[in-house]
Amino acid sequence: MPQPTATKPLIEVLSGRRQAVPPLWVMRQAGRYLPEYRALRAKAGGFLDLCFTPEFAAEITLQPIRRFNFDAAVIFSDILVIPYALGRSVRFEAGEGPRLDPLATPEQIATLATRADFAKLEPVYEALRRVRRELAPEIALIGFCGAPWTVATYMVAGQSTPDQAPTRMLAYRDPEAFAKIIDVLVENSIEYLVGQLKAGADCLQIFDTWAGVLPPREFARWSIEPVKRIVAGVRKQFPDARIIGFPRGAGGMLPAYVEQTGVDAVSIDWTTEPAMIRERVQGRVAVQGNLDPLVLITGGAALDRAIDDVLENFGKGRMIFNLGHGILPETPIAHVEQMVRRVRAYRG
């Protein structure tokens, strides 16, 4: 079960209580920019071996906490574990990303199982339990899943594509068949997230990495509506569940996303217009983000200016300092340390 939240700054923000120093974590904080991660990856072998070996996943989750004392640990896993548990072939090829068996036609979609084998996901729950035991009480533990639209883009095409054209065309051409994939992902994501809360997660994030490729009508149907159903389904069992949504690239559609999904916070990318967020979003929910990962690589005065801009834009309201997307593998550790120092020196 989730731990008491009174001493966790990130959970305080998600619960409606602004913090003078914004809580700080970064997406993909457990990963390839850390030498200790690379050493363990070499020892473990394949990527899924890391995800499904609890001692490895727990150790990787804790590595950035030991280095940087972030305000949250995010469990080391992947958004494609749900397709894996649904019996789809999921493999990660070096330098090429994930590969799945495509679901590109109604006939192929008919082969999709309706319920995941959650025994396959037990290692994720065990990793959460291990991390929870190790974390200091003030550090939040974040569980997550991929949003149905984003996970479906990989399932339909069998891989990532630049603009997700195969999935967009399937959704236009045969929305009823595509909706079957979305429905399966919604129901299984609810169960998966509830299991993460039971295993010790304090809050959850739903990653909709490819939301920004959708026009408004399709964004409402394939991004907002499924996330709304997931939030409601999780809260049916955990009424106080704290949930962050990340519809990357949503831009002007963010106010509708926030209003309709019921999330407690929205994560924004670095291209989002700050005044719109302050005026139409931050009064309703907490804002998470939105430092450009490339300026974190750059470092120096440019990094300081960019950090100050984020804090000036959003620090007077409820915010969680983060990147606008995941940290990149070539990021210097010294620049992450620079970021942590500057954010922690802020007093809003």
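Residues numbered from 1 in each chain as written. Predicted model: local features only at pLDDT ≥ 70, side-chain atom pairs only at ≥ 80, totals over all residues. Heavy atoms only, no water.

### Thoughts on the overall build of the protein
Piece 1. Check the secondary structure of the protein and you find 16 helices and nine strands.
Piece 2. Rg of the C-alpha trace for the protein: 19 Å, near the compact-globule value of 20 Å for 348 residues, within the 12% margin.
Piece 3. Summarising its shape, the C-alpha atoms of the protein cover approximately 55 × 45 × 40 Å along the three principal directions.
Piece 4. Burial analysis of the protein (348 residues in total) assigns 58% to the buried set. (Helix = DSSP H or I, 4+ residues; strand = E, 2+ residues; numbered from the N terminus. Rg over C-alpha atoms; globule rule 2.2 N^0.38 Å. Buried < 20%, exposed > 50% of the residue type's maximum accessible area, 1.4 Å probe, protein only.)

### Side note on the environment of glutamate 122
Piece 1. Mapped onto the elements, glutamate 122 comes out in helix 7 (residues 122–134).
Piece 2. Note: C-alpha distance between glutamate 122 and glycine 289 (167 residues apart in sequence) is 31 Å.
Piece 3. Separated by 2.3 Å, the side chains of glutamate 122 and arginine 129 make a polar contact. (Polar contact = N/O pair within 3.5 Å; in protein donor to acceptor, adjacent residues only side chain to side chain.)

### Some words on unusual backbone geometry
Piece 1. Following glycine 289, the chain continues into asparagine 290 via a peptide bond in cis, with omega recorded as -10 degrees.
Piece 2. Summarising the element assignment, asparagine 290 is placed in strand 8 (residues 286–291).
Piece 3. Positioned with a positive phi, asparagine 69 is a non-glycine residue whose angle comes to about 55 degrees.
Piece 4. Along the chain, asparagine 69 falls in the loop between helix 4 (54–68) and strand 1 (72–74).
Piece 5. Exposure remark for asparagine 69: the relative accessible area of 44% places this residue in the partly exposed category.

### Section: helix 10 (residues 175–198)
Piece 1. Given a rise of 1.5 Å per residue, 24 residues ought to cover 34 Å, and the 34 Å separating the end C-alpha atoms of helix 10 matches this to within 8%.
Piece 2. Among the 24 residues that make up helix 10, 17 are buried, leaving the element largely enclosed by the rest of the structure.
Piece 3. In the stretch just after helix 10, glycine 200 is the one whose phi turns positive, near 125 degrees. (Expected span 1.5 Å × (residues − 1).)

### Let's talk about the pattern of salt bridges
Piece 1. The tally for this structure, following the rule as stated, stands at 16 salt bridges.
Piece 2. Aspartate 71 is the salt-bridge partner of arginine 344, the closest N and O atoms lying 3.2 Å from each other. Placement of the pair is arginine 344 in helix 16 (residues 333–344) and aspartate 71 in the loop between helix 4 and strand 1, with a sequence separation of 273 residues.
Piece 3. Judged by its relative accessible area of 24%, arginine 344 falls in the partly exposed class.
Piece 4. Taking relative accessible area as the criterion, aspartate 71 reaches 14% and is therefore assigned buried.
Piece 5. Ionic pairing is found between aspartate 264 and arginine 235, a salt bridge with its closest N-O pair at 2.7 Å. Highlighted residues: aspartate 264 in the loop between helix 12 (254–261) and strand 7 (265–267) and arginine 235 in helix 11 (residues 216–237), separated in sequence by 29 residues.
Piece 6. According to the relative accessible area criterion, aspartate 264 is buried, its value standing at 13%.
Piece 7. In the salt-bridge network here, residues are joined through shared partners; they are Glu122, Glu126, Arg129, Arg130 and Arg133. (Salt bridge = Lys/Arg side-chain N within 4 Å of Asp/Glu carboxyl O.)

### Details of the pairing of strand 3 (residues 97–100)
Piece 1. In the sheet, strand 2 (residues 90–93) pairs with strand 3 via four bridges, with the strands oriented antiparallel. Within the sheet, the bridge partner assigned to glutamate 93 lies in strand 3 and is glycine 97.
Piece 2. What sits between strand 2 and strand 3 in their antiparallel hairpin is a turn of three residues, with glycine 95 showing a positive phi close to 80 degrees. (Pairing = 2+ DSSP bridges.)

### Some thoughts on the packing of helix 15 (residues 300–314) against helix 16
Piece 1. Where helix 15 contacts helix 16, the two axes come as close as 10 Å, and the packing angle between them is 40 degrees. Taken together, the axes of helix 15 and helix 16 lie oblique to each other. When the axes of helix 15 and helix 16 are compared, the crossing they make is right-handed. Counting all contacts with helix 15, which are made through Gly300, Leu303, Asp304, Ile307, Asp308 and Leu311, the residues of helix 16 involved are His335, Gln338, Met339, Arg342 and Val343.
Piece 2. For the contact of helix 15 with helix 16, the class distribution of residues is five nonpolar, three polar and three charged. (Axes fitted to C-alpha atoms, helices over the stretch in contact; angles between N-to-C directions. Parallel < 35°, antiparallel > 145°, perpendicular 65-115°, else oblique. Left-handed = near helix turned anticlockwise from the far one by under 90°. Contact = heavy atoms within 4.5 Å. Nonpolar A, V, L, I, M, F, W, Y, C, P; charged D, E, K, R; others polar.)

### With respect to the environment of glutamate 337
Piece 1. Position of glutamate 337 relative to the elements: it lies in helix 16.
Piece 2. The spacing of glutamate 337 and glycine 245 is 92 residues in sequence and 26 Å in space, taken between C-alpha atoms.

### Digging into the layout of surface pockets
Piece 1. As a volume, the largest pocket reaches approximately 1200 Å³.
Piece 2. Arg28, Arg32, Phe47, Asp78 and Phe92 are the residues nearest the centre of the largest pocket, which is lined by 37 residues in total.
Piece 3. Of all the secondary structure elements, the ones that give two or more residues to the lining of the largest pocket are helix 2 (35–44), strand 2, strand 3 and helix 8 (148–157).
Piece 4. Residue classes in the lining of the largest pocket are distributed as 21 nonpolar, nine polar and seven charged. (1 Å grid on protein atoms, 1.4 Å probe; cavity = no way out; pocket = protein on both sides within 12 Å on 5 of 7 lines; lining within 4 Å. Points joined across faces, edges and corners; volume = space filled by probe spheres on them.)

### Quick notes on the side chain of aspartate 202
Piece 1. One can find aspartate 202 in the loop between helix 10 and strand 5 (203–208).
Piece 2. Owing to a relative accessible area of 5%, aspartate 202 belongs among the buried residues under this scheme.
Piece 3. In terms of polar contacts, aspartate 202 uses its side chain to reach the side chain of arginine 132, at 2.5 Å.

### Quick word on the sheet that holds strand 1
Piece 1. Read across the open sheet, the seven strands follow the order 1-4-5-6-7-8-9; overall the sheet is parallel. The outermost strands of the open sheet, each flanked by one partner alone, are strand 1 and strand 9 (319–323). Strand-to-strand twist across the sheet, computed as the mean angle between neighbouring axes with direction ignored, equals 25 degrees.
Piece 2. As defined by bridge partners, strand 4 (residues 140–146) adjoins strand 5 across five bridges and the pair is classed as parallel. Following the sheet pairing, glycine 143 is matched in strand 5 by leucine 204.
Piece 3. The sheet strands contacting helix 11 are strand 5 and strand 6 (243–247), and the helix crosses strand 5 at an angle near 165 degrees.
Piece 4. Seen against the sheet, helix 12 touches strand 6 and strand 7 and runs at an angle of roughly 150 degrees to strand 6.

On their own, these measurements won't tell you what the molecule is for.
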